[in-house]
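Chain and residue survey
So you can see what is in the structure, the chains are spelled out below.
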Amino acid sequence: MQNLTIALPKGRLLTPVVSLLEQIGLNCSCVLEASRELILDNNEGYRFLLVKPIDLPTYVERRVADIGIIGKDVLLEQEKELYELADLKIGHCRMVLAGPAVKESPPWVNLKCVATSYPVITDKFFRCRGKQVEVIKLHGSVELAPHFLLADAIVDLVETGATLKANNLVEWELVTNSTARLVANRSSYHFKGNEISRLLSSLKEVRHGKDKNIF
Ligand code: PRP
């Protein structure tokens, strides 16, 4: 019997997410063993869908998946009609305004153009500061933009800081912090409330040992 369909984010969040799900006793071996399959059944009532992080909220909002796990950064950018059930306190990273090392940073006066994969968040960030900038949307490798003067700065995620450093950029200002969130489709939350609550409680129990304020 199929109980829940769970959308999982491909990429850097996948390993910590699968590890957390395994800790609550959810058999994810089908995900770990997958090569190119994107639909994976664990034969214990759970189906996993491997999707690009940027598309995950759409899969959950449209009820292709009942629940999903995704970074807060993506949720802030997209503002989909979902229930955000828990901060799972994994996948910590921060979104920053970054650019070349300069004497006064951020150099507000000279900031005319910013490249990012997060145009909505970036636009809000600058509007809150009363600054008008042109926002150029890129889909990755954003750090290239200042190098070729496509933009004066970038707004992007930083985890270790290695990518900024390798591309001669420095953090100028924090935009927001991000961690992985458990999200649910609104109908699934009502019609599959028991299954979703059980999963939520298990996550609480596992995480309580590490962080009592998880939910
Ligand atoms: C993300 C982000 C940065 C990098 C930061 O990119 O956009 O480029 O990771 O990580 P670090 O601080 O640990 O170096 P990702 O690898 O997801 O690929 P992308 O450039 O295609 O977005």
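Since the model is a prediction, treat every value here as computed from it, not as a measurement. Numbering of residues begins from 1 in every chain and follows the order in which that chain's sequence is written. A pLDDT threshold of at least 70 governs which residues receive local features in this predicted model, and a stricter bar of 80 or more applies before side-chain atom pairs are shown or counted, although totals over entire chains, interfaces and linings include all residues. Water and hydrogen atoms play no part in the side-chain values, which are based on all heavy atoms of the structure.

Let's talk about the site of the ligand
What counts, and what does not: What makes a residue near a molecule or strand is one non-hydrogen atom of that residue sitting within 4 Å of it. Distance and chemistry together define a polar contact, namely a pair of N or O atoms within 3.5 Å, with one atom able to donate a hydrogen and the other to accept it when in protein, and with adjacent residues in sequence counting only for side-chain atoms on both sides. Computed with a 1.4 Å probe, the accessible areas rest on the Shrake-Rupley method; for each residue, only the protein chains presented here act as cover. Here a cavity means grid points, on a 1 Å grid over the protein atoms only, where a 1.4 Å probe fits yet cannot get out; a pocket means an open set of points with protein on both sides within 12 Å along at least five of seven lines; lining residues are those with an atom within 4 Å of a point. Think of it this way: a molecule belongs to a cavity or pocket when more than half its atoms come within 2 Å of the grid points there. Only DSSP runs of H or I reaching four residues or more are called helices, and only runs of E reaching two or more are called strands; each is numbered from the N terminus. In this classification, Asp, Glu, Lys and Arg are treated as charged, Ala, Val, Leu, Ile, Met, Phe, Trp, Tyr, Cys and Pro as nonpolar, and every other residue, Gly included, as polar.
Near the ligand, the surroundings consist of Arg 12, Gly 140, Ser 141, Glu 143, Asp 156, Leu 157, Val 158, Glu 159, Thr 160, Gly 161, Ala 162 and Thr 163. Contacts to the ligand include Glu 143, whose side-chain N or O atom sits 2.6 Å from an oxygen atom. Note that an oxygen atom of the ligand is positioned 2.8 Å from one of the backbone N or O atoms of Gly 161. Considered on its own, the ligand offers 490 Å² of accessible surface; in the complex 68% of this is hidden by protein. Applying the majority rule of atoms within 2 Å of the grid points places the ligand in the largest pocket. For the shell around the ligand, the elements supplying multiple residues, two or more each, are strand 9 (153-158) and helix 7 (162-166). A total of 3 residues in the shell around the ligand trace back to one element, the largest contributor, which is strand 9. Taken together, the residues of the shell around the ligand break down into 3 nonpolar, 5 polar and 4 charged.

Some points on the layout of surface pockets
Convention followed: Grid points are joined across faces, edges and corners, and a volume is the space filled by probe spheres set on the points. An automatic or database domain assignment supplies the residue ranges for each domain.
What the largest pocket holds in volume is close to 1,000 Å³. Residue lining of the largest pocket: 39 residues in total, with Arg 12, Asp 73, Tyr 118, Asp 156 and Leu 157 positioned closest to the centre. Broken down by secondary-structure element, the contributors of at least two residues to the lining of the largest pocket are strand 4 (67-71), helix 4 (72-78), strand 9 and helix 7. The element contributing the most residues to the lining of the largest pocket is helix 4, with 4 residues. Residue classes in the lining of the largest pocket are distributed as 16 nonpolar, 14 polar and 9 charged. Shared between two domains, the lining of the largest pocket takes at least three residues from each, and those domains are domain 1 (4-91 + 179-208) and domain 2 (93-177).

Focus: the domain arrangement of the chain
Convention followed: Note on definitions: a residue-residue contact is assigned when non-hydrogen atoms from the two residues lie within 4.5 Å. Put simply, buried area is the surface a 1.4 Å probe can reach on two separate parts but cannot reach once they are joined, added for both.
Assigned domains within the chain: domain 1 (4-91 + 179-208) and domain 2 (93-177). Measuring from the centre of the C-alpha atoms in domain 1 to the corresponding centre in domain 2 gives 29 Å. The interface of domain 1 with domain 2 comprises 6 residues on the first partner and 11 residues on the second. A combined buried area of about 810 Å² lies between domain 1 and domain 2, and 47% of that area is made up of carbon and sulfur atoms.

Side note on the environment of Leu 182
As a reminder of what qualifies: Three labels apply to residues, based on accessible area from a 1.4 Å probe with only protein chains included: buried if under 20% of the type maximum, exposed if over 50%, partly exposed otherwise in between.
Position of Leu 182 relative to the elements: it lies in strand 11 (residues 180-184). Taking relative accessible area as the criterion, Leu 182 reaches 1% and is therefore assigned buried. Contact partners of Leu 182, with chain neighbours within four places excluded, come to Ile 67, Gly 68, Ile 69, Tyr 83, Glu 84, Leu 85, Ala 86, Leu 88, Leu 199, Leu 200 and Leu 203.

Considerations on the environment of Ser 197
Within the secondary structure, Ser 197 is located in helix 9 (residues 193-208). As for Ser 197 and Leu 85, which are separated by 112 residues in sequence, their C-alpha atoms are 9.7 Å apart.

Description of the sheet that holds strand 8 (residues 134-137)
What counts, and what does not: For two strands to be treated as a pair, DSSP must find at least two bridges joining them. The axes used here are C-alpha line fits, helices contributing only the stretch in contact, and every angle between their N-to-C directions lies in the interval 0 to 180 degrees.
Sheet architecture is open: 5 strands sit in the order 8-7-9-6-10, paired in mixed fashion. Either end of the sheet is taken by a strand with one partner, and the two such strands are strand 8 and strand 10 (170-178). Pairwise comparison of adjacent strand axes, ignoring direction, gives a mean angle of 25° for this sheet.

Looking at the sheet that holds strand 2 (residues 39-41)
Spatially, 6 strands are ordered 2-3-1-4-11-5 in an open sheet, and the strand pairing comes out mixed. The open sheet has two edge strands with one neighbour each: strand 2 and strand 5 (83-87). Between one strand axis and the next, the sheet turns through 25° on average, direction left out of account. Relative to strand 3 (residues 46-51), strand 1 (residues 4-9) runs parallel, the two sharing 6 bridges. Opposite Ala 7, over in strand 3, you have Leu 49 as the bridge partner.

Quick word on the pattern of salt bridges
This is how the line gets drawn: Criterion for a salt bridge: a side-chain nitrogen of Lys or Arg within 4 Å of a carboxyl oxygen of Asp or Glu.
Per the counting criterion, the structure on display carries 12 salt bridges. The residue Glu 61 makes a salt bridge to Lys 80 at a minimum N-O spacing of 3.9 Å. Of the two residues, Glu 61 is situated in helix 3 (residues 56-61) and Lys 80 in the loop between helix 4 and strand 5; the sequence distance between them amounts to 19 residues. The partly exposed category is assigned to Lys 80, whose relative accessible area is 30%. Residues Glu 84 and Lys 72 are paired through a salt bridge, measuring 2.8 Å at the closest nitrogen-oxygen approach. Of this pair, Glu 84 sits in strand 5 while Lys 72 sits in helix 4, and the two are 12 residues apart along the sequence. Counted as one network, the salt bridges with shared partners bring together Lys 72, Glu 84, Asp 87 and Arg 181.

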